[in-house]
Amino acid sequence: MNLNILSNDEFLSKFEEAKGILEENGITRDILRDKIVSCIYKIAEKSAKQVVSIENKKYNETDRKIDRILTSKIYGIPVMIALLGVVFWITITGANYPSELIATGLFWIEDRLTDLFNLLEAPKWLHGVMVTGIYRTLAWVVSVMLPPMAIFFPLFTLLEDLGYLPRVAFNLDNFFKKACCHGKQALTMCMGFGCNAAGVIGCRIIDSPRERMIAILTNNFVPCNGRFPTLIAIITMFFAGIVAGPFKSLISALILVAFIVFGVVMTLLVSKILSKTILRGLPSSFTLELPPYRKPQIGRIIVRSIFDRTLFVLGRAVCIAAPAGLIIWVLANVQVNGLNLLTHFANFLDPFAYLIGMDGIILMAFILGFPANEIVIPIIIMSYLSTGSLIEFENLSQLYEVLVSNGWTWLTAVCVMLFTLLHFPCGTTCWTIRKETQSWKWTVLSFLIPTVTGIICCFIVANTARLLGLA
Amino acid sequence: MGLTNNSTGIGALEKELKIERMTDDDKVIAIAGNPNVGKSTIFNSLTGLNQHTGNWPGKTVTNAQGKYKFKDRNFILVDIPGTYSLMANSVEEEVARDFICFGNPDATIVVADATLLERNLNLVLQTMEITSNIIVCVNLMDEARRKKIHIDLELLSELLGVPVIGTSARSGKGLDDLMQAVYDVTAKKIVPEPVKIEYDGVIEEAIAVLEPEVKKHLNENLNSRWVALKLLDSDESYFYPWKNI
């Protein structure tokens, strides 16, 4: 097409003439569009009638029956929460045994490695860095994180493949409308469970710029792949132990559900606040198609979610944890004024961290975890281990002992979980937000909103519990 | 199958869609279709890539591209966002229409859901108005069979005037036929002749005035009749890309 077509006289005169014909006959732009659309629809209808023959007119009946329950006003949300609970329950129950097994195996290898180092008469510091520093931490990370992920990701993908996500959006639509934001935000939120960066990109399905911005700013309130393992690990260690027997994993699952629901409530609350202050406006309407339920391909789901998600997340944790392990080992072994650097750093953060129910090491781990949330737990473990409280490994419960001997209480666990849920987005997500919004201002805001929310929540929880003498 | 490496983390960041042909013979193929009809599944099966797939509408929001080889030829496949129409009512529709229109693909596969054929045909017809190099892929034939819906693909092909291929992309059925049809269309062994959509007398009259003038300025791949109609409808987003050509 020629660049000058719109200023070409000949063309313009014909254009005016053609427009004139339409106007004379009373065909405005709206009527023209209507006529074009209805003409196409008629042809589609006619052709479809000729080629399609439906043997059983009630072929949609089963789907509708299921939908009547899954999207009903009364049962919709309870069923949703129950499903979430079942997914978590399977994850936590199923993860226990392989975790033990993997831990046993990996620590057997550690002993062999130590033997090897002794055999080669390697210097003590080398053994310290390589085995007790890097290898031991990686072993913990793998045995704590791998099994829950290998169970959770396929289950979540299964729900997605079945077509459940749009039903979630349908159920939550009313809440999002009340929060003056877009119902499709429920979908972007679900994507956030997988990866917040992907969730932020997914916000493009929301047309209104105001609502899209709200969805982007609040996407981080749901925990992503990288943060789930932290939550699951802490719950299994600190809360599942309260009740013995068969209810153990049930309680853990319920606690996790409570945290996720809390995340969703925070999403709604912050969305509401945003839409009443800096992003004022009314919710816009949209159509949401509830796709037919489809038979999922179990085999492919398992393969893909293990290769693409599980090993990917784990790989990232390991890749970043290894060099981080080295740095932490160095920090822990360089003495300044009689104390090592790590202690200096942790002591510096300690007073503030105490206010929000954590300690300096944990806060440092969150800060160092900015590139990838997966490494928060590894850094915490590594730091504790490097500052002396070395423990021989026999089983998983010893990780719990490491934490407790470093001053963890149930309150610390709750605050760490809260802060895991509510803190700044990871580096990749921030960068994605910058790309999507084309603005540093919004990026900074998306960093500050969850962080401040997290600090406030932890502060309230920590100090209320302390005042009441509960911890 | 859920989120994948390509669709999360750094991979989620948009890469500018820049199509690079290895040789001049490489063909660019667009995959259009309603949301949630399995475009990404077809794209993944053909290219061996792992775009995020999932049973919900609106999950692909950008154009993704991948390559496959069939017989002696390389094909570059572009997965465009699912849309119900090409009227540019939303960002996705604009992205989809602009690619079919200005991305200059050698052929466009329009994927339709066999269980909802009537609604899907609307997009097929709209795409046929824009370009004639079309292959209709009726996907989810397995689902349709399960629901006891029969579709006469040959008759559909006759009615539309373009090749129609039935597939069940999730199990890979029919994809060879699809690739063959794409090959034939791009090699001009098959020349689709989409049915002309006739509008009201007055509208036809107006088109008749404008079309010859449009034709003078247009490259051969775009349908002058459709461009004339769109100019009369003159939506603003449509004028914008013209200026860049």
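Going along each chain's sequence as written, the residues are numbered from 1 onward. In the order they appear in the text, chains get letters beginning with A and ligands get numbers beginning with 1. Whole-chain, interface and lining totals are the exception, using all residues; otherwise, since this is a predicted model, local features are given only for residues with pLDDT of at least 70 and side-chain atom pairs are given and counted only at 80 or more. To get the side-chain values, all heavy atoms of the structure are used, and hydrogens and water are removed first.

**What to know about the overall build of chain B**
Our working rule: For helices the rule is a DSSP run of H or I covering at least 4 residues; for strands it is a run of E covering at least 2, with both sets numbered from the N terminus onward. Buried, partly exposed and exposed residues are distinguished by accessible area as a fraction of the type maximum, computed with a 1.4 Å probe on protein chains only: under 20%, between the cut-offs, and over 50%, respectively. Contact definition: two residues touch when any of their heavy atoms are within 4.5 Å. For every accessible area listed, the method is Shrake-Rupley and the probe measures 1.4 Å; residues are considered covered only by the protein chains on display.
Of the regular secondary structure elements, chain B holds nine helices and seven strands. For chain B, the proportion of its 245 residues judged to be buried stands at 62%. Partitioning the intrachain contacts of chain B with sequence separation of at least 6 by distance along the chain shows that 65% fall at a separation of at least 24. Within the structure as shown, chain B displays about 9400 Å² of accessible surface, and the carbon and sulfur contribution to it stands at 47%.

**Notes on unusual backbone geometry**
Note on backbone geometry: most residues besides glycine have negative phi, and most peptide bonds are trans. The backbone of A:Cys180 shows a phi angle near 60°, a positive value even though the residue is not glycine. One can find A:Cys180 in the loop between α6 (165-178) and α7 (185-194). A relative accessible area of 9% places A:Cys180 in the buried class. Residue B:Lys71 is not a glycine yet carries a positive backbone phi of 55°.

**Some thoughts on a nonpolar patch on the surface**
Residues and elements named next belong to chain A. The condition is simple: Each patch is assembled from residues with relative accessible area greater than 30% and no salt bridge, linking like charges that lie within 9 Å and nonpolar side chains (Val, Leu, Ile, Met, Phe, Trp, Tyr) that lie within 5 Å. Salt bridges are defined as contacts in which a side-chain nitrogen from Lys or Arg sits within 4 Å of a carboxyl oxygen from Asp or Glu.
A cluster of nonpolar residues, Phe352, Leu355, Phe370, Val444, Phe447, Leu448, Val452, Ile456, Phe459 and Ile460, forms a patch on the protein surface that exposes about 830 Å² of accessible area. Among the secondary structure elements, those contributing two or more residues to the nonpolar patch are α13 (341-355) and α19 (440-467). The element contributing the most residues to the nonpolar patch is α19, with seven residues. Mapping leucine 448 onto the fold places it in helix α19.

**Quick look at helix α14 (residues 360-368) of chain A**
All names here are of chain A. Definition in use: Throughout this description, a polar contact denotes any pair of N or O atoms lying within 3.5 Å of each other; where both atoms belong to protein, one of them has to be capable of donating a hydrogen while the other can accept it, and for residues adjacent in sequence the pair is counted only when both atoms sit in side chains.
With seven of its nine residues buried, α14 lies for the most part within the structure. For α14, the set of buried residues is Gly360, Ile361, Ile362, Leu363, Met364, Ala365 and Phe366. For α14, the N-terminal capping position is held by aspartate 359, with its side-chain oxygen 3.1 Å away from the main-chain nitrogen of isoleucine 361.

**Observations regarding helix α2 (residues 29-51) of chain A**
Operational definition: To estimate how far a helix should extend, the number of its residues minus one is multiplied by 1.5 Å.
The end-to-end C-alpha separation of α2(A) is 33 Å, in line with the 33 Å expected for 23 residues at 1.5 Å each. Regarding α2(A), the residues found buried are A:Leu32, A:Arg33, A:Ile36, A:Cys39, A:Ile40, A:Ala44, A:Ser47, A:Ala48 and A:Val51.

**Concerning the packing of helix α1 (residues 39-47) of chain B against helix α6 (residues 175-186) of chain B**
All names here are of chain B. Which entries qualify depends on this criterion: Lines fitted to C-alpha atoms define the axes, with helix axes restricted to the stretch in contact, and inter-axis angles between N-to-C directions lie between 0 and 180 degrees. To sort the angles, those under 35 degrees are grouped as roughly parallel, those over 145 as roughly antiparallel, those from 65 to 115 as roughly perpendicular, and the leftovers as oblique. Throughout this entry, Asp, Glu, Lys and Arg are counted as charged residues, while Ala, Val, Leu, Ile, Met, Phe, Trp, Tyr, Cys and Pro are counted as nonpolar. The remaining residues, Gly among them, count as polar.
With their axes 11 Å apart at the nearest point, α1 and α6 run at an angle of 85° to one another. Regarding the angle of α1 to α6, the classification is roughly perpendicular. Two secondary-structure elements touch here, α1 through Ile42, Ser45 and Leu46 and α6 through Leu175, Leu178 and Met179. Grouping the constituent residues of the contact of α1 with α6 by class yields five nonpolar, one polar and no charged.

**Quick notes on the packing of aromatic side chains**
Quick note on the threshold: Working definition: rings of Phe, Tyr and Trp (its six-membered ring) pair if their centres are within 6.5 Å, and the pair is stacked with planes under 30 degrees apart, edge-to-face with planes over 60 apart, and tilted otherwise.
Across all of its chains, the model carries 16 aromatic pairs over all chains by this definition. Between A:Phe88 and A:Phe228, the ring centres sit 5.7 Å apart and the planes meet at 50°, which makes this aromatic pair tilted. Highlighted residues: A:Phe88 in helix α4 (residues 76-119) and A:Phe228 in helix α10 (residues 228-238), separated in sequence by 140 residues. We note that A:Phe88, like A:Phe228, is buried. Residues B:Tyr68 and B:Phe75 carry aromatic rings whose centres are separated by 5.1 Å and whose planes lie at 15° to one another, so their mutual orientation is stacked. For B:Phe75, a relative accessible area of 0% corresponds to the buried category.

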